[in-house]
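Chain residues, written in single-letter form:
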Amino acid sequence: MAAADQRSDWAALPRDIVLDVFLKLGPREVMLGAEFTCKPWRDAAVEEPSLWRRVGMDPWVPFDKLSRRVPRRLEMAMKEVAVDRAKGQCEAFSGDSYDDYLLDIVPRNFIEALSKLTILEDLKIVFTYLIHWEDDECYPDVNMFQSICQACPRLKKLVLMFVSSFFLKRNEDEFPKEPIDVEIPLMCKLHTLELYDCDINCKGLKGIVDNCPCLETLHIDGYFNDKREMDKDLRMKCARVKTLNLDTKKEPHYDFFGDYSSEEEYDSEDE
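- The chain carries the name F-box domain-containing protein in an unreviewed UniProt entry, which gives Urochloa decumbens as its organism.

As structure tokens, this is what we get:
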């Protein structure tokens, strides 16, 4: 009898209090248990889009400290359900290329999925495969960075981690890094941009600083082969970015004996 009364008390909590609890727990913990406490809690989870505005953005917890470990397939399914529950109000999304709902080996499917998140402001994607645009006739001569900017013009923060040698279990010289070498559309609200394991050039960097007028933080990791060719105008534009980190190096060029110019040599020449 006491147990039944206790369940009734949980069910009788005002919805605004239940929503506060859910917001503190985060989407992952809600879907893994809290929403199954009672029917009113389940209804609140399903019917309130405000709970699902930030998908995959739960506070980071070390793997060995997670209260519940679930298979990757279940994590992917949870994100799909969360985006659906947001009913177009998803403002932030973080995922990787194992998330079949949003990311597909066909780039066109990925871009179409992104374009449906019309008020997206914060996006983080980790790619674990090479992107092959030439396999998609609908998107000739277009790269992923440019396409994401076109699909999500309201972004305030964008983090793209392209495939690395770690994921491919190959040496860096065995595959091309994702190029950042084209113009992007005007991104009026973008204040933070982080690009990892990419291959940028002066044209790509100029496109970023010219079309992101509110940019405050820019971090680029990867290759920058024509870094020494940055002219005074481009350097001045980069200087306006409050936090700028070009953690780049020159792509190694191997000779017959396997020797190549080191990153230190390239940096010293640049100075």
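Structure's up, so let's keep going.
1. Describing the nonpolar core
In step 1: Counting 60 residues, the largest nonpolar core has Phe-145, Ile-148, Leu-158, Leu-205 and Ile-208 as its most contacted members.
In step 2: Top contributing element to this core by residue count: helix H7 (residues 144-151), with five residues.
In step 3: In this structure, Ile-148 is in contact with Phe-110, Ile-111, Leu-114, Leu-123, Leu-155, Leu-158 and Leu-160, ignoring residues within four places of it in sequence.

2. Observations concerning the packing of aromatic side chains
In step 1: Within the structure shown, the criterion is met by three aromatic pairs.
In step 2: Between Trp-10 and Trp-41, the aromatic rings sit 5.6 Å apart at their centres with planes inclined by 90°, giving edge-to-face as the arrangement. Here Trp-41 lies in helix H4 (residues 39-47) and Trp-10 lies in helix H1 (residues 2-11), a separation of 31 residues in the sequence.
In step 3: Of the residues examined, Trp-41 reaches a relative accessible area of 6% and is grouped as buried.
In step 4: An angle of 10° between the planes, with centres 5.4 Å apart, marks the rings of Phe-127 and Phe-162 as stacked. On the criterion of sequence distance, the pair formed by Phe-127 in the loop between strand S3 (122-126) and H7 and Phe-162 in the loop between strand S4 (157-161) and helix H8 (165-168) is long-range, its members being 35 residues apart. Each member of the pair, Phe-127 as well as Phe-162, carries the same accessibility label: buried.
In step 5: Through a chain of ring-to-ring contacts, three or more aromatic side chains come together here, namely Trp-10, Phe-22 and Trp-41.
In step 6: Residue placement shows Lys-177 over the ring face of Tyr-223; its charged tip is 5.0 Å from the ring centre.

3. So, the pattern of salt bridges
In step 1: Tallied over the full model, the rule gives twelve salt bridges.
In step 2: Glu-48 is the salt-bridge partner of Arg-15, the closest N and O atoms lying 3.3 Å from each other. Residue Arg-15 is found in helix H2 (residues 15-25), and its partner Glu-48 is found in the loop between H4 and strand S1 (54-55); the two are separated by 33 residues along the sequence.
In step 3: Among the salt bridges present, the one from Lys-39 reaches Asp-43, with a minimum N-O distance of 3.0 Å. In this pair, Lys-39 and Asp-43 are both assigned in helix H4, four residues apart and thus about one turn of the helix distant.

4. Considering the packing of H2 against H4
In step 1: The contact between H2 and H4 brings their axes to 10 Å, and the two run at 70°. Judged on the interaxial angle alone, H4 and H2 are roughly perpendicular. The interaxial crossing formed by H2 with H4 has right-handed handedness. Residues Arg-15, Val-18, Leu-19 and Phe-22 of H2 form the contact with H4, whose participating residues are Pro-40, Trp-41, Asp-43, Ala-44, Ala-45 and Glu-47.

So, how was this worked out
Residues numbered from 1 in each chain as written. Predicted model: local features only at pLDDT ≥ 70, side-chain atom pairs only at ≥ 80, totals over all residues. Heavy atoms only, no water. Core = buried A, V, L, I, M, F, W, Y, C linked by side-chain atoms within 4.5 Å. Buried < 20%, exposed > 50% of the residue type's maximum accessible area, 1.4 Å probe, protein only. Helix = DSSP H or I, 4+ residues; strand = E, 2+ residues; numbered from the N terminus. Contact = heavy atoms within 4.5 Å. Phe/Tyr/Trp six-rings, centres within 6.5 Å; stacked < 30°, edge-to-face > 60°. Lys NZ or Arg CZ within 6 Å of the ring centre and 35° of its normal. Salt bridge = Lys/Arg side-chain N within 4 Å of Asp/Glu carboxyl O. Axes fitted to C-alpha atoms, helices over the stretch in contact; angles between N-to-C directions. Parallel < 35°, antiparallel > 145°, perpendicular 65-115°, else oblique. Left-handed = near helix turned anticlockwise from the far one by under 90°.

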